[in-house]
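Chains, contacts and geometry: an overview
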Amino acid sequence: MIFDDDLLERCISCGFCLPACPTYSLTADESSSPRGRITLMRALETGQLEPDDPTLVEQSSFCLGCRACEPVCPAGVQYGDLLEQWRDHQWQGRNRPVLARLLMAVVARPWLLRLQGLVRRHARTKVRGRTYSLMLGCVERGLYPRVSRAALRLAPGMQAPRAQGCCGALHAHNGSSVQGAEMAEALGKRLPGTIVTTAGGCAAHLSAHLGRDRVKEFSEWLVEMGAWPQGEVRVDGRRARVALQDSCHLRNGMGVTRQPRELIKAVAEYVELPGAGGCCGAAGTYSLLRGADSRKVLAPKLAEIEAARVDFVVVVNPGCLRQLEQGLRRSGSRVKAVHLAELLTWAEE
Amino acid sequence: MGLPAGVVDALKQIVGVDGVRLAPGELAAYARDATPLFHAEPDVVVFPRTTEQVAAVLRLATEHEVPVVPRGAGSNLCAATVPLSGGIVLALTRMTQILEVDGDELLARVQPGVTTARLADAAAARDLLYVPDPGSRTTSTVGGNVATCAGGLRGLKYGVTRNYVLGLEAVLPTGEVIRTGGRLWKDVAGYDLTRLLTGSEGTLAVLTEVTVALLPKPAEVGTGIAYFDSLADACRAVAAIISAGIVPATLEFLDQKCIAAVEDYAQLGLRGDAGALLLFGDDGPIEVVAGNLVRLRKICTEAGALEVTLAEDVARSDALLAARRCSLPALSRLGSLTILEDVTVPRPRLAAMVDQIDEIAARFGLLIATFGHAGDGNLHPTCVLDPEDDEAIDRAHKAFAEIFAAAIRFEGTITGEHGVGAAKLPFLADRLGADQMRLLRRIKTAFDPAGILNPGKVGS
């Protein structure tokens, strides 16, 4: 048995998911829709199709895993879980993309992650209390150490222990969900108290394994603590115009959408992008593994951002930050992509 | 069955390599629509982008006698788009242009693959209303709506899809392109082929362009909820509303099981202890809507409602209507096989029909939840089952046969808005009679001499 039977049976093929799916909107082809992919999973489960069937291989990797199909599914299909089980079966050994294998090997070694700290000045504190721990995240630590520093500046009571690992989301999304779960649990033991993370993807994965109470995404935590930023972010002497790009897993996995918007509104003029809730195409390793498709998903979003005439577009996940930064740079935009924590530290009285 | 030699190459010539899908997995994804228990794989899926391509595909298919099943989003509930004889699935989901929205003529012209919600949004952006409002509006395509004559939530006051189709461009199976009707309300030249093609479920021609009438957007929309002890009580309130001379835009009901399922999904704070709820609403000038909502509340209260509340704003109204639209998929939370049916009876018989359904469900030992468009007598009794339990599925089929018979006995019909497809075909003669069935077949032959379009459905 490849799939959890209950999960697979839940889908009644009503098709309510079609308009929410970014890959279906690229192809208009049923096999690249959530409903069609569930049909493919059923064919795999019953043996009608073999794991090396070209459509199964292609569709399991074409899916962004953004889970936009979940909140619009009245039947309550947990597509994200199904996708993990699908890739667990299909992406074994040589079937897993080389790049994914490499990244998974790196982030599974905490000492390698700690080495990054020697060259990248991310936030770090001694373990002082047992209340709130800031999770550094494997990608963010390397690419955007300024985000954890900003987070610590906004929340001085928080601790950022050095001895951390990776949460395992990368593994779970790339066909190794058992190891992904083990890594989440191990991290849960290493970090005392409530785990606060500035990465939406990590937040969703960790909370699925450690419980919703144990894990807070940064914006969610700030709002809960009542730690509203003071002052305002200015550009050319006026209040900055700021848009948000939701993190898919934060939005679709944890249902957090209100908090980052409220925080932005507190310091700037907030502009809602029509497609803020749609995937930007970063999708974890997707932008590395399927660059061309990733850019196709991103293209309409870049046009929206230009049309919105904003100064900044805020993200709450490092993968999205990299995706938008690169996309905006390539298109010659003057709009800057920034993490929410950074933006909030720029507010001046 | 396989395709005759050369057909695939010819298809690739017509629509390009990218528009032809043949891999086993790709075909598997097109083996079903939203109807449970009907599966059949096509031999090829073809994605045309223009009317000329559709015409060329159909000429080829007629020449080689290959079955063709036109398909939009595949959200229909009568197996109208299941390729029972294999052949070509003609997926129109890449024909998605909104060609025109005209505020002076009050009409829109679209390709068939545009979703209903996108057309409604494009109209709303010009302060216009596209009236037909099927539950599946975010997913279903305009072409599919017209092909099945999908109804929706505004039927009572405004009528259904066929009342808004002004003209069609359609390709006959032999490849000719015809334009029926046009841009006019008043046009009686010739047989009304626009109406004939509307609801023909892809058995007579393939729709490639649709011209629909729009209305000015009403200034105000308001909604309220009344809770009752039972669905029969709610039906009596419906009768009281109509006899008071009010024709509201929305009059929808859910029974207790539907309320629970919808609440589980949408979390709107619906009352779980009530036996039924009636969702009522109206649109129009602000004073009229406000006045009608107050009258509706009064009538419901007098008819024995447990509680009546009015939605405080448009957002709340929209949320309530959205929740109602998802009743079917939400019901599948109770069990993963849901067989939904679609009977309609004259409004005065609504309460009696509800009683009949309850009686039949009890006699067959089935869980049948009921929701529907109370205002136009259109009921959706939905049986929730375990997909592994063949014996129960068999009982459900027998129960539904009795429900259809009861509807016909009440001078109602076996489908109000979902269509006949393959699922209702065995019951169609009960409704139409033998002479009319023969006429239907002669009409089918006139359009489709080779019998390639959607075989096994209406007209077969």
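Thresholds, definitions, all that
Once a new chain begins, its residue numbering starts again from 1 and follows that chain's sequence as written. Each chain gets a letter, beginning with A, and each ligand a number, beginning with 1, in the order they are written. Confidence filtering applies because this is a predicted model: local features only for residues at pLDDT of at least 70, side-chain atom pairs given and counted only at 80 or more, and all residues used for totals across whole chains, interfaces and linings. Neither water nor hydrogens contribute to the side-chain values; these are computed over all heavy atoms in the structure. Note on definitions: salt bridges are taken to be side-chain nitrogens of Lys or Arg within 4 Å of carboxyl oxygens of Asp or Glu. Runs of E in the DSSP output that reach at least two residues are strands. Runs of H or I that reach at least four are helices, and both are numbered from the N terminus. Remark: exposure states derive from per-residue accessible area (1.4 Å probe, protein chains only) relative to the maximum for the residue type, with buried under 20%, exposed over 50%, and partly exposed in between. For this analysis, a nonpolar core means a set of buried residues of the types Ala, Val, Leu, Ile, Met, Phe, Trp, Tyr and Cys, connected via side-chain atoms within 4.5 Å. How far each domain reaches was decided by an automatic or database domain assignment. Contacts are residue-level and defined by heavy atoms, with any inter-residue pair within 4.5 Å sufficient. Here a pair means two rings of Phe, Tyr or Trp (six-membered ring of Trp) with centres within 6.5 Å. Their orientation is stacked below 30 degrees between planes, edge-to-face above 60, and tilted elsewhere. Residues adjacent in sequence count toward polar contacts only when both atoms are side-chain atoms; beyond that, a polar contact is any pair of N or O atoms within 3.5 Å, and within protein one must be able to donate a hydrogen and the other to accept it. UniProt positions are given in the numbering used here, feature names are shortened, and annotations may be inferred rather than shown by experiment. To count toward a patch, a residue needs a relative accessible area above 30% and no salt bridge. Like charges then connect within 9 Å, nonpolar side chains (Val, Leu, Ile, Met, Phe, Trp, Tyr) within 5 Å. Each accessible area value is a Shrake-Rupley result obtained with a 1.4 Å probe; residue values ignore everything except the protein chains displayed when judging cover. Asp and Glu count as negative and Lys and Arg as positive, but His and the ends of the chain are not part of the count. Where a charge sits is defined by one atom per residue type, namely NZ (Lys), CZ (Arg), CG (Asp) or CD (Glu). The axes are straight lines fitted to the C-alpha atoms, using for helices just the contacting stretch, and the angles between their N-to-C directions are given from 0 to 180°. Roughly parallel means an angle under 35 degrees; roughly antiparallel means over 145; roughly perpendicular covers 65 to 115; every other angle is labelled oblique. Here the nonpolar group is Ala, Val, Leu, Ile, Met, Phe, Trp, Tyr, Cys and Pro; Asp, Glu, Lys and Arg are the charged ones; every other residue, Gly included, is treated as polar. Summed over both partners, buried area is the accessible surface (1.4 Å probe) that two parts give up on being assembled. Strands are treated as partners if at least two bridges between them are detected by DSSP. What a helix should span is 1.5 Å times the count of its residues minus one. Values of bend correspond, residue by residue, to the angle between axes fitted over the seven residues ending at that residue and the seven starting there.

Let us look at the pattern of salt bridges. By the definition in use, this model includes 46 salt bridges over all chains. Across the salt bridge formed by arginine 261 of chain A and aspartate 246 of chain A, the nearest N and O atoms sit 2.8 Å from each other. Residue arginine 261 of chain A is located in helix α15 (residues 258-267), and its partner aspartate 246 of chain A is located in the loop between β6 (241-245) and α14 (248-254); the two are separated by 15 residues in the primary sequence. With relative accessibility at 10%, the residue arginine 261 of chain A sits in the buried group. For aspartate 246 of chain A, a relative accessible area of 3% corresponds to the buried category. Here glutamate 302 of chain B and lysine 298 of chain B are joined by a salt bridge, their closest N and O atoms 3.2 Å apart. One end of the pair is glutamate 302 of chain B and the other is lysine 298 of chain B, both in helix α10 (residues 286-302) and four residues apart, which spans about a single turn. Like lysine 298 of chain B, glutamate 302 of chain B is exposed. In this structure, a network of salt bridges that share partners links the residues Glu100, Glu105, Arg109, Glu169, Arg179, Arg183 and Glu209 of chain B.

Here we take up the nonpolar core. Counting 58 residues, the largest nonpolar core has Ile264 and Leu343 of chain A as its most contacted members. Residues from two domains meet in this core; each of domain 2 (100-225) and domain 3 (234-347) of chain A gives at least three. Discounting chain neighbours no more than four positions away, the residues touching leucine 343 of chain A are Val233, Val242, Ile264, Val267, Phe312, Val314 and Val338 of chain A. Counting residues in each nonpolar core, the second largest holds 57 residues, with Ala226, Phe253, Leu278 and Phe280 of chain B among its members.

Moving on: the packing of aromatic side chains. Residue and element names in this part refer to chain B. Enumeration according to the criterion identifies five aromatic pairs over all chains in this entry. Taken together, a centroid distance of 6.4 Å and an interplanar angle of 25° make the contact between phenylalanine 400 and phenylalanine 404 stacked. Here phenylalanine 400 and its partner phenylalanine 404 are both found in helix α14 (residues 390-409), four residues apart, which amounts to about one turn of the helix. Accessibility classification places phenylalanine 400 together with phenylalanine 404 in one group, the buried group. Look at phenylalanine 404 and phenylalanine 427: their rings are 4.6 Å apart centre to centre, the planes differ by 65°, and that puts the pair in the edge-to-face class.

Turning to the side chain of asparagine 378 of chain B, a few remarks are in order. Residue and element names in this part refer to chain B. Relative to the helices and strands, asparagine 378 resides in strand β19 (residues 378-385). At 2.9 Å, the side chain of asparagine 378 and the side chain of aspartate 342 are in polar contact. With residues up to four places along the chain from it excluded, the contact list for asparagine 378 reads Asp342, Val343, Thr344, Gly372, His373, Gly416 and Glu417.

Within the UniProt annotation, "domain: FAD-binding PCMH-type" (unreviewed entry) is assigned to residues 38-217 of chain B. Annotated as 22% helix and 24% strand, the span residues 38-217 of chain B places its first and last C-alpha atoms 40 Å apart.

Below, the discussion takes up a negative patch on the surface. A contiguous patch of negative charge on the surface is contributed by Asp4, Asp5, Asp6 and Asp81 of chain A together with Asp386, Glu388 and Asp390 of chain B. Mapping aspartate 4 of chain A onto the fold places it in the segment before α1 (5-9).

Below, the discussion takes up unusual backbone geometry. What is expected of a backbone is that most residues other than glycine have negative phi and most peptide bonds are trans. A positive phi angle, near 45°, is found at alanine 283 of chain A, a position not held by glycine. Relative to the elements of secondary structure, alanine 283 of chain A occurs in the loop between β7 (269-271) and α16 (286-289). One non-glycine residue, glutamate 201 of chain B, adopts positive backbone phi at about 55°. Locating glutamate 201 of chain B in the fold gives a position in the loop between α7 (193-197) and β10 (206-213).

Another point: the packing of helix α15 (residues 425-432) of chain B against helix α16 (residues 434-447) of chain B. Helix-helix packing is characterised by the crossing angle of the two axes and by the distance between the axes. All names here are of chain B. Packing of α15 against α16 brings their axes to within 7 Å, and their N-to-C directions diverge by 120°. Of the possible angle classes, the one that applies to α15 and α16 is oblique. Every residue of α16 that contacts α15 at Leu428, Ala429 and Leu432 is listed here: Gln436, Met437 and Leu440. Residue composition of the contact of α15 with α16, by class: five nonpolar, one polar and no charged.

To continue, consider the interface of chain A and chain B. Taken together, the contact between chain A and chain B spans 30 residues of the former and 36 residues of the latter. Summing both partners gives a buried area of about 2,400 Å² for chain A against chain B, and 53% of it is carried by carbon and sulfur. On the chain A side of the contact with chain B, Ile12, Phe16 and Pro74 of chain A bury the most area, a combined 23% of that side's loss. Where chain A packs against chain B, one counts two salt bridges. With a closest N to O distance of 2.7 Å, glutamate 30 of chain A and arginine 71 of chain B form a salt bridge. Counting across the chain A and chain B interface gives 15 residue pairs in polar contact (both at pLDDT 80 or more). When contributions to the side of chain A that touches chain B are tallied by element, the ones reaching two or more residues are α2 (22-27) and α3 (34-46) of chain A.

What follows deals with the pairing of strand β14 (residues 276-284) of chain B. Regular strands place side chains that alternate from one sheet face to the opposite one. Residue and element names in this part refer to chain B. The buried fraction of β14 amounts to nine of the nine residues, a majority that puts the element mostly inside the structure. Burial along β14 is two-sided: the residues Ala276, Leu278, Phe280, Asp282 and Gly284 and Leu277, Leu279, Gly281 and Asp283 are all buried. Note that strand β12 (residues 220-228) and β14 share nine bridges and pair antiparallel. Directly across from glutamate 220, in β14, lies its bridge partner glycine 284. Looking at chain direction, strand β13 (residues 250-255) and β14 are connected through six bridges and run antiparallel. Residue pairing across strands places glutamate 252 opposite leucine 279, the latter belonging to β14.

With that settled, consider helix α17 (residues 291-307) of chain A. Two residues of an α-helix separated by three or four positions point the same way, owing to the 3.6 residues in each turn. Residue and element names in this part refer to chain A. An ideal rise of 1.5 Å per residue puts 24 Å on 17 residues; α17 measures up with 24 Å between its terminal C-alpha atoms. At leucine 298, α17 shows its strongest bend, of approximately 35°, with the proline proline 300 following within four residues. Every buried residue of α17 is listed here: Gly291, Asp293, Ser294, Val297, Leu298, Lys301, Leu302 and Ile305. Where α17 is buried, its residues meet α2, α4 (54-62), β6, α16, β8 (312-315) and α18 (318-330). Among the residues trailing α17, arginine 309 stands out with phi positive, at a value near 50°.

The subject of this paragraph is a positive patch on the surface. Residues and elements named next belong to chain A. Among the surface-exposed residues, Arg114, Arg121, Arg124, Lys126, Arg153 and Arg162 lie close enough to one another that they form a single positively charged patch. Tracing the chain through its elements places arginine 121 in the loop between α7 (110-119) and β1 (132-135). By relative accessible area, arginine 121 is classed as exposed at 57%.

Attention shifts here to the environment of leucine 196 of chain B. All names here are of chain B. Mapped onto the elements of the fold, leucine 196 is located in helix α7. Residue leucine 196 is classed as partly exposed on the basis of its relative accessible area of 32%. Sequence separation between leucine 196 and alanine 374 is 178 residues, and the spatial gap between their C-alpha atoms is 27 Å. In this structure, leucine 196 is in contact with Leu204, Ile443 and Phe447, ignoring residues within four places of it in sequence.

So, on to the sheet that holds strand β4 (residues 88-91) of chain B. Two modes of strand pairing occur in sheets, parallel and antiparallel, and in both the strands are linked by backbone hydrogen bonds. Residue and element names in this part refer to chain B. Read from one edge to the other, the open sheet built from four strands follows the order β1-β2-β4-β3, with strand pairing classed as mixed. Of all the strands in the sheet, the pair left with one neighbour each is β1 (20-21) and β3 (68-71). Sheet topology note: the β1/strand β2 (residues 44-46) ladder contains two bridges and is antiparallel. Its bridge partner lying in β2, valine 20 is registered against valine 46.

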